[in-house]
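Below, each chain spelled out in residue letters.
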Amino acid sequence: MRASLLQVAVNEGESVELRRRRVAGLVREQAGADLVVLPELWTTGAFAYEEFAREAEPLEGPTFEAMAEAASDAGVWLHAGSIPERDPEGPLYNTSLVLSPSGQLAAAYRKIHRFGFDKGEAVLMGAGRELVTVRLPDTTLGLGTCYDLRFPELFRGLVDAGAETFVLPAGWPERRRAHWTLLARARAVENQAFVLACGTAGTHAGVPQAGHSIVVDPWGEVLAEAGPGEEVLTVEFDPARTAETREQFPALKDRVLGVERPRR
Ligand SMILES: NC(=O)CCC(=O)C(=O)O
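An account of the accompanying structure is given in this report.

Thresholds applied
Each chain carries its own residue numbering, running from 1 in the written order of its sequence. Reporting in this predicted model follows two pLDDT cut-offs: at least 70 for local features of residues, and 80 or more for side-chain atom pairs to be given and counted; totals over whole chains, interfaces and linings ignore these cut-offs and use all residues. Each side-chain value is derived from all of the structure's non-hydrogen atoms; neither hydrogens nor water enter the calculation. For salt bridges, the criterion is a side-chain nitrogen of Lys or Arg within 4 Å of an Asp or Glu carboxyl oxygen. Think of a 1 Å grid over the protein atoms and nothing else: a 1.4 Å probe that fits but is trapped marks a cavity, an open set flanked by protein within 12 Å on at least five of seven lines marks a pocket, and residues with an atom within 4 Å of a point count as lining. Grid points are joined across faces, edges and corners, and a volume is the space filled by probe spheres set on the points. Just so you know the grouping, Ala, Val, Leu, Ile, Met, Phe, Trp, Tyr, Cys and Pro go in nonpolar, Asp, Glu, Lys and Arg go in charged, and all remaining residues, Gly too, go in polar. For the exposure calls, accessible area comes from a 1.4 Å probe over protein chains only, and a residue counts as buried if that area is under 20% of its type's maximum, exposed if over 50%, partly exposed in between. Going along the chain from the N terminus, every DSSP run of H or I of four or more residues is numbered as a helix, and every run of E of two or more is numbered as a strand. Pairing between strands is defined by DSSP: at least two bridges between the two strands are required. By the criterion used throughout, a crossover qualifies as right-handed when its path from the first strand across the helix to the second strand runs clockwise, the strands pointing away from the viewer. Buried Ala, Val, Leu, Ile, Met, Phe, Trp, Tyr and Cys residues that are joined via side-chain atoms within 4.5 Å together make up what is termed a nonpolar core. Whether two residues are in contact is decided by their heavy atoms: any pair within 4.5 Å suffices.

This part is about the pattern of salt bridges. Counting across every chain of the model gives 19 salt bridges. When salt bridges that share partners are traced, they join Glu14, Arg19, Arg22 and Glu230 into one network.

This is the structure in structure tokens:
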């Protein structure tokens, strides 16, 4: 499979509408890839809290429309990163969208763990409740978003639901870059799964972003890693390696806690 992670720069000088058009152009340039991945809240920036309500949109709003057209023009599966979703009957959510190569909405995932402790996203957005997997022709994706990376039980739950490749859009700050790389590798090793983690570049709301989008294989090896600036990180990987690794080194079968019937 060929995956392209679009590490978009989110800077305040660019309007949301311009960025949407620019990113749609970048997605179109990825024709030939199997999967394209965008970061978390790339329309507003993950730390631009005062923009969330102003730029919130319905699930199938302007970002969905622009990305659906771009995905179908390029003929790619598109993880369109996340948007501030306006639910007419509830709070805002930080919601990721996955689109098929014909531009249909294949899945939506509302971020479960909200960042900010008692401010920011943690108070401005509602918490998702459902684990989401998506079947692609060659692998099953398990979805997480940014801060979710710190909660291993989410990824174990996704493995139990059939995930073989985790896709994680993020707006991770430079200040905690060491955690980003370490946790991406940890989630890959402990679950014997690919991790495709796509962050943002630039600085918004005074928070410099880490960039350094990363692709890790089920053995924990880093297959590709971006630099700090805007970049398209392209990687070829064999999704069959997840099943092979789980068979050759069957640690997941030795789970005792959190499984209905422990093996030993
Ligand atoms: N947008 C986020 O979820 C930020 C997470 C973060 O900064 C961290 O976990 O550290």
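Taking a probe equal in size to a water molecule and rolling it over the atoms shows the remaining empty space. Throughout the structure, instances matching the rule amount to one cavity of 30 Å³ or more. The computed volume of the largest cavity comes to approximately 140 Å³. Considering the residues around the largest cavity, the lining is formed by 16 residues, among which Phe47, Phe115, Cys146, Tyr147 and Gly171 are closest to the centre. Taken together, the residues of the lining of the largest cavity break down into nine nonpolar, two polar and five charged.

Where a strand is regular, its side chains alternate between the two sheet faces. A large share of strand S8 (residues 165-169) lies buried, amounting to five of its five residues. The alternating pattern of S8 places Thr165, Val167 and Pro169 on one face and Phe166 and Leu168 on the opposite face, and all of these are buried. Alignment of strand S7 (residues 140-143) against S8, held across three bridges, turns out to be parallel. Bridging across to S8, leucine 141 finds its partner in threonine 165. Chirality of the crossover, the property in question, places the unit of S7, helix H5 (residues 152-160) and S8 among those that are right-handed. Handedness of the β-α-β unit built from S8, helix H6 (residues 177-191) and strand S9 (residues 194-198) comes out right-handed.

Take the nonpolar core next. Within the largest apolar cluster, 46 residues are counted, with the highest numbers of intra-cluster contacts made by Leu5, Leu35, Leu143, Phe166, Trp180 and Leu196. Among the elements that take part in this core, S9 stands out by supplying five residues, more than any other. The residues touching leucine 35, leaving out its near neighbours within four places in the chain, are Met1, Arg2, Ala3, Ser4, Trp77, His79, Leu136, Leu141, Val167 and Leu196. Core analysis: the next-biggest nonpolar cluster, separate from the first, contains 23 residues, Leu6, Val10, Ala68 and Ala74 among them.

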